[in-house]
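What follows is each chain in one-letter form.
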Amino acid sequence: MSKGSLGFLFSEIVGPETVFFGDTLEVRGSSFSKIPGNYRVTVQGVPAKVLEVSGLGFKFVLPDLFPIGEKQVTQGLYAFEISVAGKVLELEYPLDFRQANFEIDPNQVVNYEDTLIIEGSYLSSESIEVKYFAENGNEYKLPVVDFSASKIRFMPIAKFQESNPKIQITLRGKKYIVSNSFKLKAPEVDSGQAFLRKTFEWTTLKGKNFNIHYPEMNSLSFGGLDLNYEIQNVSSTNLTFRIWAGNDQFIPRNIEVYPNNSGQNSINSVKLTFTDPVLPFFKAEGVFREDYGIGGGVSMGDYGYFFRVNSIYKFTPSARKMELVAENKNSDSFLANIFTLKSPNGKIYSGGHSENVFSVQSSPQIFEFDPSNNTLIKLPKIPSDVIQPLSVYSTDKYLYYEGGFKITPAVGYVEVNERWRYEFATRTWKKLAGQTEIKDYSLRLKSFWYKGKLYQIGVENREDNVVALQKFDQLEETWITVASFSFGDVVESEVIPIIANEAFIFTPTQIVKINLDTYSESIVQNIGEESSMLWFSAMQVMGINGKIYSTLYGSEVVELDPDYFTY
């Protein structure tokens, strides 16, 4: 009981065991004024209505709302101020608020444009907060539109990871976890949508149930593929996006795009075909032991072999797999900084010097690699001081090495017209009687087989810039020119990719397609287009099952598709 200068004696506050806004409480004591106008009561600073005054006390009604802070939540103590005839009593008194009650509607199915409704009782609060906690740890505060004692309305602005998410509602300082209060509609796209695009171009798909509030809160999936993407604009019926390579540096030519929200894919997909002539295919970073390559890429059936500094890697496009299969451990020479070629005997031959090829005065070390058992052996050296050949080519019985240049201390570069032939059966070199017709000794010709015939192609003379195609006469062991071409550029690729009846010639600046039946030539026009080109090593190109593969800075493999070349 409180007394003294107050003029009244306070004993207690009496009310229901649990209270809510608008409930009536009774103050008991003695010596209270009997005049209603002498009373003023506040709860948490908010005026309360006074009822039924008497000398033994009075009743008052809790305000419709008043602030509830941390002390009220943790200790349950509320601030009361009672003023009677100018005498004031301030005290803290415990109140136990009724628990909020939520009436769950499991059939509430909404999209991102809808306003969500949760009904219940005892929901009044000075402020209400609704949050969603995603499984990945992200937290989203869902905007509350309005609320009352029986209803809370809010917007589903979040990147929901579940179709039936739990939410946390905080009212009167207390947190409630509410489950099964709504279900989000899965995004959907209109059926039958298909597009041709370059990877840097934007695509707009049509559909519904997209997250219109924040474009970045929408997501896309690609049937299990690891792809990166950017979403630009989102409306209730459209979603605009573009795609680039994911962490494994791969973009397939054809993909299916599924909008994904709240952990749900759309049933329909959008078909997307990329028309880029070059696409990232395989992440080779950390696979190649050396970070650069000096040598060619050679295809053998369904496989390819990349020659690096001193290692050979087998490449399987169908499995997007790269594996180390051979190493050059017993030679001071590099494997393939002079040449790389495929022989009709099923083996691959390469030639290499030490790092500074122009400081040596002997023929290169030549290697034989057998893909059937991954063995690498050294062949006997050519008994000559020719350093760089004009032409290296192979039949099923012989390996030929002819022309080129040597370096002498007195003169420097000297053209060589020697012709050497290595016989596989006897493992011996023989100098042929005939001489190479000196052309331009620094521009090596590149050989390939087509319809059982051996060809070579290259610039005959740098001054004339004439590119000649020659066919080999195996009986006479001579070359016959069968066509000339005007593109006039050095053939850079070690191996010429042959697809159907077409040879693809890679130079330092362009790609030329030659029809091997008609000898017509076409220049590829869309290699090098702005934002359309992944540059690659022209030296290491190889043709496998209608596609062409090469390396990009040694860190990835790219795929070139001639079906998407323009001429």
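Use the structure listed above.
Residues numbered from 1 in each chain as written. Predicted model: local features only at pLDDT ≥ 70, side-chain atom pairs only at ≥ 80, totals over all residues. Heavy atoms only, no water.

1. Some remarks on the overall build of the protein
Moving on, step 1. Scanning the protein from terminus to terminus reveals one helix and 52 strands.
Moving on, step 2. In summary, the protein has a C-alpha radius of gyration of 42 Å against a globular reference of 24 Å for 567 residues, an excess of more than 25%.
Moving on, step 3. Taken over the C-alpha atoms alone, the protein extends approximately 140 × 50 × 40 Å along its principal axes.
Moving on, step 4. Looking at the protein residue by residue over its 567 residues, the buried ones come to 52%.
Moving on, step 5. Considering only contacts in the protein between residues 6 or more positions apart, those separated by 24 or more positions represent 52%.
Moving on, step 6. Once the 54 positive and 67 negative side-chain charges of the protein are each reduced to a mean point, those two points are 4 Å apart. (Helix = DSSP H or I, 4+ residues; strand = E, 2+ residues; numbered from the N terminus. Rg over C-alpha atoms; globule rule 2.2 N^0.38 Å. Buried < 20%, exposed > 50% of the residue type's maximum accessible area, 1.4 Å probe, protein only. Contact = heavy atoms within 4.5 Å. Lys, Arg positive; Asp, Glu negative; His and termini not counted. Charge placed at Lys NZ, Arg CZ, Asp CG, Glu CD.)

2. Digging into the packing of aromatic side chains
Aromatic ring pairs are described here by two measures, namely the spacing of the ring centres and the angle between the planes.
Moving on, step 1. Using the criterion set out here, one finds 43 aromatic pairs in the structure.
Moving on, step 2. Ring geometry for Phe 405 and Tyr 413: centres 5.3 Å apart, planes at 65 degrees, overall edge-to-face.
Moving on, step 3. Ring geometry for Phe 504 versus Phe 565: centroids 6.0 Å apart, planes at 75 degrees, classification edge-to-face. Pair noted here: Phe 504 is in strand β47 (residues 502-506) and Phe 565 is in the segment after β52 (556-560), with a separation of 61 residues, a long-range link. (Phe/Tyr/Trp six-rings, centres within 6.5 Å; stacked < 30°, edge-to-face > 60°.)

3. Observations regarding the pattern of salt bridges
Moving on, step 1. On inspection of all chains with the given rule, the structure shows 24 salt bridges.
Moving on, step 2. With its nearest N and O atoms 2.5 Å apart, the salt bridge here joins Arg 40 to Glu 81. In this pair, Arg 40 sits in strand β3 (residues 39-43) while Glu 81 sits in strand β6 (residues 77-84), placing the two residues 41 residues apart along the sequence.
Moving on, step 3. Among the ionic pairs, Lys 131 bridges to Glu 129, the shortest N-O distance being 3.9 Å.
Moving on, step 4. The exposure class of Glu 129 is partly exposed, given its relative accessible area of 24%. (Salt bridge = Lys/Arg side-chain N within 4 Å of Asp/Glu carboxyl O.)

4. Notes on the sheet that holds β6
Moving on, step 1. Spatially, seven strands are ordered β1-β2-β5-β4-β3-β6-β7 in an open sheet, and the strand pairing comes out antiparallel. Among the strands making up the open sheet, the edge pair consists of β1 (9-14) and β7 (87-94). Within this sheet the neighbouring strands show an average axis-to-axis angle of 25 degrees, counted without direction.
Moving on, step 2. Relative to strand β4 (residues 46-54), β3 runs antiparallel, the two being bridged by three bridges. From the neighbouring strand, Val 41 faces β4, where its bridge partner is Ala 48. (Pairing = 2+ DSSP bridges. Axes fitted to C-alpha atoms, helices over the stretch in contact; angles between N-to-C directions.)

5. Re the environment of Val 178
Moving on, step 1. When you line up the elements, Val 178 lands in strand β16 (residues 174-178).
Moving on, step 2. Through-space distance from the C-alpha of Val 178 to that of Phe 102 is 7.9 Å; in sequence the pair is 76 residues apart.

6. Things to note about the sheet that holds strand β12 (residues 139-142)
Moving on, step 1. Across the sheet, which stays open at both edges, the four strands sit in the order β12-β11-β15-β16 with antiparallel pairing between neighbours. Two strands bound the open sheet, and with one partner strand each, they are β12 and β16. On average, each strand axis in the sheet is inclined to that of its neighbour by 25 degrees, with strand direction left out of account.
Moving on, step 2. Across five bridges, the pairing between strand β15 (residues 167-171) and β16 is antiparallel. By the bridge assignment, Leu 171 is partnered in β16 with Lys 174.

7. Structural notes on unusual backbone geometry
Moving on, step 1. A positive phi angle is found at Asn 180, which is not glycine, with a value near 60 degrees.
Moving on, step 2. In this structure, Asn 180 sits in the loop between β16 and β17 (183-184).
Moving on, step 3. Of the residues examined, Asn 180 reaches a relative accessible area of 41% and is grouped as partly exposed.
Moving on, step 4. Of note in the backbone geometry, Tyr 519 takes a positive phi value of approximately 65 degrees without being a glycine.
Moving on, step 5. Along the polypeptide, Tyr 519 turns up in the loop between β48 (511-515) and β49 (521-523).
Moving on, step 6. A relative accessible area of 27% means that Tyr 519 is categorised as partly exposed.

8. As for empty space enclosed by the protein
Moving on, step 1. With the rule as written, the count across this model stands at one cavity of 30 Å³ or more.
Moving on, step 2. Of the volumes computed, that of the largest cavity is approximately 30 Å³.
Moving on, step 3. Every residue lining the largest cavity is listed: Phe 506, Thr 507, Thr 509, Gln 510, Ile 511, Ile 527, Trp 535, Phe 536 and Ala 538.
Moving on, step 4. The class makeup of the residues in the lining of the largest cavity is six nonpolar, three polar and no charged. (1 Å grid on protein atoms, 1.4 Å probe; cavity = no way out; pocket = protein on both sides within 12 Å on 5 of 7 lines; lining within 4 Å. Points joined across faces, edges and corners; volume = space filled by probe spheres on them. Nonpolar A, V, L, I, M, F, W, Y, C, P; charged D, E, K, R; others polar.)

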